[in-house]
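Residues per chain, in single letters:
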2 protein chains.
Amino acid sequence: MQKNYQKKKLGVLGGGQLGRMFIQSAINYNVDVHILDPDPNAPCRTIAQQFVQGQLLDFDDVYNFGKDCDIITIEIESVNTDALERLVAEGKEVYPQPAIIKLIQDKRTQKQFYKENQIPTSEFYLVDDIEEVKKHSDFLPAVNKLGKEGYDGRGVQIIHDIADIDKAFNKPGILEKLIDFEEEIAVIVARNKQGQLFSYPPVSCAFHPTANLVEYLFAPANISEAISERAVAIALNVIEKLDMVGLLAVEMFVTKNGEVLVNEIAPRPHNSGHHTIEANYTSQFEQHLRSVLDMPLGDTSLRMPSAMVNLLGQDGYEGEAVIEGLDEVLGMKGVYVHLYGKKNTKPFRKMGHVTILEENMEALKKKAIKIKDILKIKA
Amino acid sequence: MQKNYQKKKLGVLGGGQLGRMFIQSAINYNVDVHILDPDPNAPCRTIAQQFVQGQLLDFDDVYNFGKDCDIITIEIESVNTDALERLVAEGKEVYPQPAIIKLIQDKRTQKQFYKENQIPTSEFYLVDDIEEVKKHSDFLPAVNKLGKEGYDGRGVQIIHDIADIDKAFNKPGILEKLIDFEEEIAVIVARNKQGQLFSYPPVSCAFHPTANLVEYLFAPANISEAISERAVAIALNVIEKLDMVGLLAVEMFVTKNGEVLVNEIAPRPHNSGHHTIEANYTSQFEQHLRSVLDMPLGDTSLRMPSAMVNLLGQDGYEGEAVIEGLDEVLGMKGVYVHLYGKKNTKPFRKMGHVTILEENMEALKKKAIKIKDILKIKA
């Protein structure tokens with residue numbers, strides 16, 4: 001039987017950088033990508049086959065957009081899942097499945113899912129407001145996370161002791177035991193309709209101290225073979241327990257005593273997989289495309305050690321973006337700059353990323369730090 | 001000094017597969033690409049920031065298109081160079097320079113250029129018609145090439161002996177000594193405004209017996225280190241003698257006695273460089289972008305041995321294209337399918353290509369041949 005992927009009309013909810021890199025790989029398969037995004041100047045604006053302006057959380061906007069597509073997927077999880085469920089009921093294919101997006105949208109149900117499925121994760125309590133956080137003062141130090149609306153580092157607050165209590169959110173969320181971790185890692189897995197499963201090798205993530213965004217990423221991860229295998233097994237278990245079709249990023253903590261705990265998951269291409277474009281045999285964006293179109297999945301192994309540096313808007317600058325130091329980094333071997341087509345910068349806005357390839361891990365780290373020092377997004 | 005490449009409006013004459021892959025890499029730099037092409041369904045149609053329909057050989061179409069751009073480049077050499085010269089006179093940047101495009105458009109002036117600059121090439125005569133070909137019967141076997149309008153294998157005729165004389169063109173062209181070559185190779189070189197020079201490693205090309213199109217390509221080329229160095233030196237010499245800014249593909253013959261002779265040149269990304277997208281540190285498309293925008297050029301070394309197979313429309317099929325065997329090849333490691341977004345196929349039409357990566361050259365050859373057998377473009 002001959003599948004003709006090009007005949008499928010593929011809709012993506014969200015037209016940011018993830019959608020943009022997704023389109024770059026979809027071009028190779030003549031797949032028509034339709035984008036829904038509220039921002040008329042979204043990064044996908046000029047390269048999408050069709051760009052529809054609309055609200056991702058609005059039922060009608062999502063439903064009307066999806067009606068014209070054969071398959072619908074996402075690049076961000078805060079979307080209207082009721083509209084997606086309606087589309088499924090009407091025979092559209094939606095991956096990841098709406099129920100899974102819904103479950104992941106709320107960190108509370110996400111945590112409960114781990115618990116019910118014996119997926120290792122940090123201890124936690126569900127809390128509805130500051131009062132409930134106070135009740136658990138003996139549980140501190142802990143991390144208070146909003147159930148919903150947390151994104152790109154927002155909605156997360158560390159409560160070291162009762163003195164920090166006013167930092168807590170007065171909204172439904174979770175209170176997680178603060179993990180004294182050795183390493184923060186991420187594993188991206190993919191699954192297609194036929195149930196074919198693939199995992200990328202784990203990567204180490206270094207977060208920005210204040211912005212709580214991935215600042216550096218290193219592949220392979222700085223962990224033992226045994227821990228790497230456990231992390232991959234856990235990530236594969238999560239996507240199978242979810243019975244999900246698509247791409248899933250699993251962020252994990254490796255504790256000082258070698259435990260591997262799931263922190264959060266994202267059912268889409270993820271910042272921790274940007275290096276796969278140049279460093280792995282198959283990029284996470286192509287893998288996402290393959291999984292939702294039910295193509296055979298691609299080999300995920302690493303071609304070469306690599307690092308990824310996010311290009312965040314420099315603190316203190318707002319307005320039309322200007323990039324500094326580009327020529328200097330372009331002169332270096334194995335350096336790949338990806339700009340996201342965002343006209344305006346603001347502090348810590350994700351404006352692009354750089355992937356670096358190097359055989360030697362030490363040289364790789366030095367190069368990543370050097371590039372971070374040279375490249376600046378200002379206004 | 002901070003250059004802001006994103007501020008440049010870049011126009012490309014031609015919106016075929018070369019323009020399409022060029023846009024895929026320009027996206028990483030937020031460079032606005034404007035395309036001029038006569039075909040309303042050209043491969044660049046949906047991904048260009050602006051798509052203008054017009055004739056590439058029409059003065060007004062080219063001039064009016066170029067007026068709105070800052071920098072103009074090409075993806076095909078049969079364009080109106082008078083319009084480009086006017087644009088240069090009016091302060092636009094055009095790379096490759098119009099005079100060079102003009103010189104290359106005619107195989108007669110191209111050959112004379114090699115002769116005048118002591119660039120090794122096969123012996124030849126300029127011929128105006130069949131009568132003149134006849135006069136050189138003692139020069140046979142030879143290849144009769146049209147001066148102009150030869151493209152993708154058209155306009156080339158082998159004249160083994162006087163009996164073949166009726167195959168000769170009755171138009172101005174050249175009669176080249178038929179070279180009994182050992183290997184057909186290609187070297188792509190790039191040069192930016194600052195004069196920075198880079199060469200890609202030579203590749204071996206295997207041409208389709210009848211269609212006279214590249215059928216397979218292997219990198220590195222199947223030649224000695226000494227011949228490889230000579231080929232690179234010749235290609236660099238050609239671009240410097242031309243004083244050209246941009247990307248230049250130099251096709252060469254390696255004769256049985258180890259001579260390296262320039263066959264033809266193309267001042268743009270070339271079929272013999274498609275593998276560089278996955279196999280080299282910098283792809284030929286990004287290098288083209290860097291050269292015309294006067295960015296620092298990228299490292300050209302090979303990351304891994306690779307092969308490229310053109311996906312030509314199957315002989316005997318015409319109409320809406322259907323691809324056979326895609327799933328089977330997608331399951332293989334290190335296989336990259338690039339489809340060009342052409343709705344309709346016809347015999348030998350370039351519909352896409354596949355790049356294959358393999359550490360071992362023997363395994364690489366086997367895989368390339370296997371993929372050629374599996375993947376078919378029919379209607």
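Residues numbered from 1 in each chain as written. Chains lettered and ligands numbered in written order. Predicted model: local features only at pLDDT ≥ 70, side-chain atom pairs only at ≥ 80, totals over all residues. Heavy atoms only, no water.

**What to know about the relation of the copies chain B and chain A**
So the rule is basically this: What sets the superposition is a least-squares fit of C-alpha atoms, and only residues with pLDDT of at least 70 in both copies go into it. Only heavy atoms enter the contact rule, under which two residues are in contact if any of them lie within 4.5 Å.
Mapping chain B onto chain A calls for a rotation angle of 180 degrees and an axial translation of 0.0 Å; the resulting RMSD is 0.0 Å. Seen this way, the second copy is the image of the first under a two-fold rotation axis. By C-alpha distance to the rotation axis, the residue of chain B lying nearest is B:Ile47, at 2.3 Å. Most of the interface of chain B is mirrored in chain A: 100% of its interface residues are interface residues there too.

**Things to note about the environment of B:Leu242**
All names here are of chain B. The cut-off we apply is this: Only DSSP runs of H or I reaching four residues or more are called helices, and only runs of E reaching two or more are called strands; each is numbered from the N terminus.
Within the secondary structure, leucine 242 sits in helix 7 (residues 225-242). Counting along the chain gives 92 residues from leucine 242 to glycine 334, while the straight-line C-alpha distance between them is 37 Å. Sequence-distant contacts of leucine 242, defined by excluding residues within four places in its chain, comprise Ile100, Leu103, Phe113, Leu248 and Ile265.

**A word on the interface of chain B and chain A**
Size of an interface, as often reported, equals the accessible area lost when the parts are brought together. For clarity, the cut-off: Note: buried area is the sum, over both parts, of the accessible area (probe 1.4 Å) each one loses when the two are combined. Salt bridge, as applied in this entry: a Lys or Arg side-chain nitrogen positioned within 4 Å of an Asp or Glu carboxyl oxygen. By the criterion applied in these results, polar contacts are pairs of N or O atoms within 3.5 Å in which, for protein atoms, one can donate a hydrogen and the other can accept it, and in which residues neighboring in sequence qualify only through two side-chain atoms. Amino acids are sorted into nonpolar (Ala, Val, Leu, Ile, Met, Phe, Trp, Tyr, Cys and Pro), charged (Asp, Glu, Lys and Arg) and polar (every other residue, Gly among them).
Each side of the interface is counted separately: chain B has 49 residues, and chain A has 49 residues. A combined buried area of about 4,000 Å² lies between chain B and chain A, and 47% of that area is made up of carbon and sulfur atoms. The three residues of chain B that bury the most area against chain A are B:Tyr281, B:Arg303 and B:Leu330, which together make up 16% of that side's buried surface. Here chain B and chain A share 0 salt bridges between them. Our count for the contact surface shared by chain B and chain A stands at 21 residue pairs in polar contact (both at pLDDT 80 or more). Elements that contribute at least two residues to the side of chain B that touches chain A include exactly helix 1 (17-26), helix 8 (276-279), strand 18 (322-324), helix 10 (326-330) and strand 19 (335-339) of chain B. Residue classes in the side of chain B that touches chain A are distributed as 22 nonpolar, 15 polar and 12 charged.

**Quick word on the packing of helix 3 (residues 81-89) of chain B against helix 4 (residues 98-105) of chain B**
Two numbers describe a pair of packed helices, the interaxial angle and the distance between the axes. Residues and elements named next belong to chain B. Defined as follows: Lines are fitted to the C-alpha atoms to define the axes, a helix being fitted only along its stretch in contact, and any angle between axes, read from their N-to-C directions, falls within 0 to 180 degrees. Any angle that is under 35 degrees is reported as roughly parallel, and any over 145 degrees as roughly antiparallel; angles of 65 to 115 degrees are reported as roughly perpendicular and all others as oblique. Should the near helix be turned anticlockwise from the far one by less than a right angle, the crossing is termed left-handed; should it be turned clockwise, right-handed.
Contact pair helix 3 / helix 4: the axes reach a minimum separation of 9 Å and the direction vectors enclose 165 degrees. For the element pair helix 3 / helix 4, the angle class is roughly antiparallel. Crossing geometry of helix 3 relative to helix 4 is assigned as left-handed. On helix 4, the residues that touch Thr81, Asp82, Leu84, Glu85 and Val88 of helix 3 are Pro98, Ala99, Ile101, Lys102 and Gln105. In the contact of helix 3 with helix 4, the residues fall into 5 nonpolar, 2 polar and 3 charged.

**Structural notes on the environment of B:Val12**
All names here are of chain B. Here is the rule: The cut-offs for exposure are 20% and 50% of the maximum accessible area for each residue type, with area from a 1.4 Å probe on protein chains only; residues under the lower value are buried, those over the upper are exposed, and the others partly exposed.
Its location among the elements puts valine 12 in strand 1 (residues 9-13). Its relative accessible area of 2% is what places valine 12 among the buried residues. With residues up to four places along the chain from it excluded, the contact list for valine 12 reads Phe22, Val33, His34, Ile35, Leu36, Phe65, Thr73, Ile74 and Glu75.

**Side note on the packing of aromatic side chains**
Let me state the cut-off plainly: Side-chain rings of Phe, Tyr and Trp (the six-membered ring for Trp) are treated as a pair once their centres are within 6.5 Å; stacked means planes under 30 degrees apart, edge-to-face means over 60, and tilted covers the remaining angles. Two limits define a charge over a ring: the Lys NZ or Arg CZ must be within 6 Å of the ring centre, and within 35 degrees of the ring normal.
Taken as a whole and assessed by the stated rule, the structure comprises 10 aromatic pairs over all chains. Judged by centre distance (5.9 Å) and plane angle (20 degrees), the rings of B:Phe59 and B:Tyr63 are stacked. One end of the pair is B:Phe59 and the other is B:Tyr63, both in helix 2 (residues 59-67) and 4 residues apart, which spans about a single turn. By relative accessible area, which is 12% here, B:Tyr63 ends up buried. Seen in terms of ring centroids, B:Phe181 and B:Phe253 are 5.1 Å apart; in terms of plane orientation they differ by 20 degrees. Their pairing is stacked. You can see B:Phe181 sitting in strand 10 (residues 181-191) and its partner B:Phe253 sitting in strand 14 (residues 246-255), a full 72 residues away along the chain. If you follow A:Lys365 out to its NZ or CZ, it ends over the ring of A:Phe218, 5.3 Å from the centre. Here B:Arg86 stacks its cationic end above the ring of B:Tyr63, 5.3 Å away from the centre of that ring.

**A word on the confidence of the model for chain A**
To be explicit about the condition: Summary of the metric used: pLDDT quantifies the predictor's per-residue confidence within the range 0 to 100.
Per-residue confidence for chain A averages 94 on the pLDDT scale, and 98% of its residues sit at or above 70. As scored by the predictor, the complex reaches a pTM of 0.95 and an ipTM of 0.94.

**Remarks on helix 4 (residues 98-105) of chain A**
Selection rule: The directions considered for the arc are those from the helix axis to the C-beta atoms.
Those residues of helix 4 of chain A that fall on the buried side of the exposure criterion are A:Pro98, A:Ile100, A:Ile101, A:Ile104 and A:Gln105. Down the axis, helix 4 of chain A shows its buried residues gathered within 160 degrees of arc, on one side only.

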